[in-house]
Amino acid sequence: MFRRALSSLLEHRQQKRGGRMRILLTGSSGWLGRALAPRLRTLGHDVTGLDPVPSSETRMVGSVADRDLVMRAVEENRIEAIIHSGALHKPDIEHHRNEDFVETNVRGTLNLLDAAATFGVQRFIFTSTTSLMITQAIRAGLPGRAAWLTEDMSPEPRNIYGVTKLAAEHLCRLYHIQFGLPVIVLRTARFFPEADDMAHVIEQSDANTKANELLFRRLTVEDAADAHIAALEKAPQLGFDTFIISAPTPFQPDDCAALIADAPSIVARYFPDYPALYLKKGWTMFSSIDRVYDASRARDRLDFVCKTSFADVLAGLEAEENGA
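Because the structure is predicted, anything quoted here is derived from the model rather than measured. Within each chain, residues carry numbers counting from 1 in the order of the written sequence. Whole-chain, interface and lining totals are the exception, using all residues; otherwise, since this is a predicted model, local features are given only for residues with pLDDT of at least 70 and side-chain atom pairs are given and counted only at 80 or more. Values reported for side chains reflect all heavy atoms of the structure, with hydrogen atoms and water molecules removed beforehand.

Engineer: Explain the nonpolar core to me, please; I cannot follow it from the model alone.
Structural biologist: If you look at the biggest cluster of nonpolar residues, it comprises 43 residues, and the most contacted ones within it are L186, I245 and L302. A run of DSSP states H or I qualifies as a helix once it reaches four residues; a run of E qualifies as a strand once it reaches two. Both are numbered from the N-terminal end. Taken together, the elements giving at least two residues each to this core come down to β1 (22–26), α2 (31–42), β4 (81–84), β6 (147–149), β7 (183–188), α8 (221–238) and β8 (240–245). Counting residues per element, this core draws most heavily on α8, at 10 residues. With residues near it in sequence (within four places) discarded, L302 still touches L186, A227, A230, A231, K234, L238, F243, I245 and R297. Each nonpolar core is a collection of buried residues, namely Ala, Val, Leu, Ile, Met, Phe, Trp, Tyr and Cys, held together in the definition by side-chain atoms within 4.5 Å. The cut-offs for exposure are 20% and 50% of the maximum accessible area for each residue type, with area from a 1.4 Å probe on protein chains only; residues under the lower value are buried, those over the upper are exposed, and the others partly exposed. Of all hydrophobic cores here, the second largest spans 27 residues; its members include L50, A116, F124 and L171. Whether two residues touch is decided by their heavy atoms; if any such pair falls within 4.5 Å, the residues are in contact.

What follows is the structure, encoded as structure tokens:
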């Protein structure tokens with residue numbers, strides 16, 4: 001009863017302020033942070049950026065692993081919502097120790113959750129990753145079919161990045177259970193601008209690769225930012241939830257066997273114009289697709305669908321062909 005009363009009070013205060021919040025954004029100097037911070041300010045929010053790297057979006061320079069800094073950031077700025085997008089990522093594995101991943105991704109998340117519980121933060125959005133859903137078996141290729149991935153699967157991360165992000169997800173759930181903190185976990189698919197870390201064995205160019213991935217495992221950074229805003233709005237209503245965030249796939253579970261054997265023919269079934277448009281561009285489709293992220297839960301419960309999809313890529317190629 002106390003939690004319900006507190007939640008109602010916080011919502012009443014939020015409504016009186018016209019929906020504007022004081023937000024702590026970690027990872028504010030990163031690719032997502034630089035896209036998200038201006039959107040939040042446009043909506044009237046007061047954004048305090050926290051990142052180890054200085055930038056125009058970062059008000060406080062430092063690591064989330066610094067507990068005193070995190071506590072000070074939340075208390076002194078009277079933070080009402082935390083968007084935790086700061087982390088060590090998969091490409092950092094080559095340059096950092098396992099201990100570094102634990103310090104930043106696990107202890108850093110714990111510090112933020114403790115600060116949220118201590119100072120009455122109203123909502124917490126955690127940027128996670130679909131990477132933690134890829135087991136060694138999926139990476140090696142399941143026998144005879146692509147993996148159809150939803151939030152209901154039990155993750156078995158294959159590297160320290162995935163392990164620490166999953167541990168942080170569990171901490172988020174724990175703090176919701178113990179303190180009633182509204183938390184939304186967003187397992188984002190790929191939106192980074194860098195080339196694939198396996199680009200040396202991929203036949204397609206970087207632009208071609210990213211276009212293909214919009215069919216099953218990619219989104220734009222703009223859509224990633226908008227998903228966080230949707231989660232920020234829905235957190236009190238949902239309490240706790242986890243969502244895959246990826247461009248909507250045209251595929252269905254029944255396509256999984258054929259996607260492994262002959263992906264181009266399945267793509268052509270859904271997009272009959274794609275072969276001609278790709279041929280004129282000099283692009284090719286992946287011969288095989290080994291996984292599909294199903295983002296329908298975010299559509300149904302978060303009311304969020306990425307704006308950019310593979311269909312938009314084809315529309316752009318057609319416009320380019322017509323000289324538009």
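Engineer: Explain the confidence of the model for the protein to me, please; I cannot follow it from the model alone.
Structural biologist: Low-pLDDT portions of the prediction should not be read for the details of their coordinates. In the predicted model, the protein carries a mean pLDDT of 92, and the fraction of residues at 70 or more is 92%. pLDDT measures the predictor's confidence residue by residue and takes values from 0 up to 100. Of the regions scoring below 50 in pLDDT, residues 1–18 engages in 16 contacts with residues more than four places distant in sequence or in other chains.

Engineer: Looking at this structure, how should I read the packing of helix α10 (residues 274–281) against helix α12 (residues 310–321)?
Structural biologist: For any two helices packed against each other, the geometry is given by the interaxial angle and the distance between the axes. Here α10 crosses α12 at 55°, and the two axes come no closer than 10 Å. By the angle class used here, α10 and α12 are oblique. With respect to the hand of their crossing, α10 and α12 are arranged in left-handed fashion. Contact with α10, carried on its side by Y274, L277, Y278, K280 and K281, involves F310, L314, L317, E318, E320 and E321 of α12 and no other residues of that element. All amino acids are sorted into three groups, where Ala, Val, Leu, Ile, Met, Phe, Trp, Tyr, Cys and Pro are nonpolar, Asp, Glu, Lys and Arg are charged, and the leftover types, Gly among them, are polar. A per-class count over the contact of α10 with α12 returns 6 nonpolar, no polar and 5 charged. Between N-to-C directions, angles span 0 to 180 degrees; the directions come from axes that are lines fitted to C-alpha atoms, helices contributing only their stretch in contact. Angle categories: roughly parallel below 35 degrees, roughly antiparallel above 145, roughly perpendicular from 65 to 115, and oblique for all the rest. Whether a crossing is left-handed or right-handed is set by the direction in which the near helix is turned from the far one by less than a right angle, anticlockwise for left-handed and clockwise for right-handed.

Engineer: I keep staring at the sheet that holds β4 and nothing clicks. Help me out?
Structural biologist: Strand-to-strand pairing in sheets goes through backbone hydrogen bonds, with the strands running parallel or antiparallel. For two strands to be treated as a pair, DSSP must find at least two bridges joining them. Spatially, 7 strands are ordered β3-β2-β1-β4-β5-β7-β8 in an open sheet, and the strand pairing comes out parallel. Each edge of the sheet is formed by a strand with only one pairing partner; in this case those strands are β3 (60–61) and β8. In the sheet, β7 pairs with β8 via 6 bridges, with the strands oriented parallel. Its bridge partner lying in β8, V183 is registered against F240. Here α8 sits on the sheet in contact with β1, β4, β5 (123–129), β7 and β8, set at roughly 130° to β5.

Engineer: Would you mind going over the pairing of β5 with me for this structure?
Structural biologist: Residues in a regular strand project their side chains so that they alternate between the two faces of the sheet. Counted residue by residue, β5 has 7 buried out of 7 residues, so it is predominantly covered. Here β5 shows two buried faces, one formed by R123, I125, T127 and T129 and the other by F124, F126 and S128. Bridging between β4 and β5 involves 4 bridges; their strand directions are parallel. Across the sheet, the residue bridging to I83 is I125, located in β5.

Engineer: What should I look at first to understand the pattern of salt bridges in this one?
Structural biologist: A side chain with one charge may pair with a side chain of the opposite charge, provided their charged atoms come close. In the sections that follow, a salt bridge refers to a side-chain nitrogen of Lys or Arg positioned within 4 Å of a carboxyl oxygen of Asp or Glu. Enumeration over the complete set of coordinates arrives at 21 salt bridges. Where D241 meets R301, a salt bridge forms, and the shortest distance between an N and an O atom there is 2.6 Å. On the criterion of sequence distance, the pair formed by D241 in strand β8 and R301 in helix α11 (residues 296–301) is long-range, its members being 60 residues apart. Residue classification places R301 among the partly exposed positions, given a relative accessible area of 36%.

Engineer: Got a minute to help me understand the environment of A37 in this structure?
Structural biologist: Here A37 lies in helix α2. Classification of A37 by relative accessible area gives buried; the value is 0%. Separated by 10 residues in sequence, A37 and V47 place their C-alpha atoms 6.8 Å apart. Residues in contact with A37, not counting those within four places in the same chain, are L25, V47 and E57.

Engineer: Looking at this structure, I do not really get the state of the cysteines. What am I missing?
Structural biologist: Here a disulfide denotes a covalent bond joining the sulfur atom of one cysteine to the sulfur atom of another. In what follows, a disulfide is any cysteine sulfur pair within 2.5 Å. Using the criterion set out here, one finds 0 disulfides in the structure. The thiol of C256 is not disulfide-bonded; the next cysteine sulfur, from C306, is found 19 Å away. The exposure class assigned to C256 is buried, which follows from its relative accessible area of 0%. Its relative accessible area of 7% is what places C306 among the buried residues.

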